[in-house]
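# Topology and contacts: notes
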Amino acid sequence: MAERKGKVTVVGAGFYGSTTAQRLAEYDIFDTVVLTDIVEGKPEGLALDMNQSRPIEGFETKVVGQTTTPDGGGYQAIAGSDIVVITAGLPRKPGMSRMDLIETNAKIVRGVAENVAQHAPDAVVIVVSNPLDEMTALTQLASGFPKNRVIGQAGMLDTARFTYFVAETLAVPVGSVRTLTLGSHGDTMVPVPSRCTVDGRPLTELLPADTIDELVTRTRNGGAEVVALLKTGSAYYAPSAAAARMAKAVAEDSGAVLPVCAWVDGEYGISGVYLGVEAEIGRQGVRRVVEADLTDTEKAGLLEAAEAVRAKQADVQHL
Ligand SMILES: NC(=O)c1ccc[n+]([C@@H]2O[C@H](COP(=O)([O-])OP(=O)(O)OC[C@H]3O[C@@H](n4cnc5c(N)ncnc54)[C@H](O)[C@@H]3O)[C@@H](O)[C@H]2O)c1
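Residues numbered from 1 in each chain as written. Predicted model: local features only at pLDDT ≥ 70, side-chain atom pairs only at ≥ 80, totals over all residues. Heavy atoms only, no water.

A tally of regular secondary structure across the protein chain gives eleven helices and 14 strands. Scaling as 2.2 N^0.38, a compact globule of 319 residues should have a C-alpha radius of gyration of about 20 Å, and the protein chain matches this with 19 Å. Dimensions of the protein chain along its principal axes, counting C-alpha atoms only, are 55 × 45 × 40 Å. Among the 319 residues that make up the protein chain, the fraction classed as buried is 55%. Of the accessible surface of the protein chain, which amounts to about 13,800 Å², a share of 52% is contributed by carbon and sulfur atoms. Side chains of the protein chain carry 29 positive and 40 negative charges; the gap between the two charge centres is 2 Å. (Helix = DSSP H or I, 4+ residues; strand = E, 2+ residues; numbered from the N terminus. Rg over C-alpha atoms; globule rule 2.2 N^0.38 Å. Buried < 20%, exposed > 50% of the residue type's maximum accessible area, 1.4 Å probe, protein only. Areas by Shrake-Rupley, 256 points an atom, 1.4 Å probe, with all protein chains shown as cover. Lys, Arg positive; Asp, Glu negative; His and termini not counted. Charge placed at Lys NZ, Arg CZ, Asp CG, Glu CD.)

Let's shift gears to helix α1 (residues 15-27). Counting along an α-helix, one turn takes 3.6 residues, and residues three or four places apart therefore face a common direction. Between its first and last C-alpha, α1 extends 19 Å over 13 residues, near the 18 Å set by a 1.5 Å rise per residue. Regarding α1, the residues found buried are Y16, G17, S18, T19, T20, A21, L24, A25 and Y27. Phi turns positive, to about 60°, at D28, one or two residues after α1. (Expected span 1.5 Å × (residues − 1).)

What follows covers the sheet that holds strand β11 (residues 201-202). Spatial ordering of the open sheet is given by β7-β10-β11, a layout of three strands whose pairing is antiparallel. The two strands at the open ends of the sheet, each matched to only one other strand, are β7 (177-178) and β11. As defined by bridge partners, β7 adjoins strand β10 (residues 197-198) across two bridges and the pair is classed as antiparallel. Paired with V177 across the two strands is V198, which belongs to β10. (Pairing = 2+ DSSP bridges.)

Rendered as structure tokens:
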């Protein structure tokens with residue numbers, strides 16, 4: 001077992017935040033996981049519960065719970081964090097789009113980002129609050145952090161959903177399937193069938209075009225499908241797996257190329273916007289955006305997504 005080191009904070013101890021904290025602690029690579037929330041006692045209670053699972057699961061990472069206030073009370077607990085995952089904010093209810101959350105969550109995320117900047121000024125920030133692309137842009141603005149140190153989580157989740165649907169349709173192990181989604185975490189998500197393979201064989205040779213289209217549509221609506229079944233709250237097992245893996249890639253300075261929401265500055269001919277792309281992830285966040293070979297249709301979809309989120313990211317500055 002490698003040495004445990006570093007501190008990672010998860011802001012927001014709801015379903016997404018608490019499962020992310022649990023996954024991060026169970027990796028057993030961090031010295032400390034801090035979990036915070038504005039609901040008094042909730043993060044402390046969850047942390048106590050997680051620490052009591054340590055003898056059973058066999059991990060030594062300490063979990064610290066800390067109630068915070070919107071004006072920064074309690075934020076001393078996050079000092080020295082290498083990574084901060086922001087999950088604070090409302091989730092969707094059935095029938096809502098992610099964009100319906102923008103005003104409420106912008107206020108929450110702006111305040112959190114300011115407090116994080118003050119108390120953990122060297123952290124890499126991973127944003128998950130929705131609407132994702134806009135909240136990532138807002139976090140960068142409100143924190144003043146370099147753009148490479150603010151990343152959003154969406155592509156890993158959307159890609160995992162696409163992979164699962166393909167594996168289920170073909171009755172093959174999920175591990176044999178590679179898929180990719182780019183663009184926004186919303187209506188202009190861009191699944192990339194040309195980059196999808198099963199045991200190295202192109203997906204387009206294994207499934208008819210209309211079946212791939214159906215899987216693409218199901219992927220695009222993947223979050224809403226879970227919300228409709230749950231009726232209260234949104235997905236968190238797959239989302240927390242995605243955010244935790246991103247944090248692990250940062251902590252280990254791994255150089256893994258992951259689909260994330262990153263600042264795009266010239267790649268694909270697109271500039272000045274946070275967008276879902278593949279990026280190499282390391283200790284400083286995004287090392288570089290990696291351009292995939294796309295078909296003309298996929299590239300057009302990515303350009304459309306960029307313009308859609310650019311407009312919304314401009315609006316969010318005023319919220
Ligand atoms: N990016 C993605 O792929 C993805 C996937 C699923 C959910 N989400 C989003 O993640 C967010 C959290 O989802 P959830 O299921 O955990 O919701 P939840 O309601 O279970 O938890 C949200 C938590 O945030 C806390 N909170 C609110 N304001 C806060 C503040 N100022 N500081 C600290 N904590 C604060 C709340 O008290 C609550 O405990 C939502 O916005 C949801 O839409 C994103």
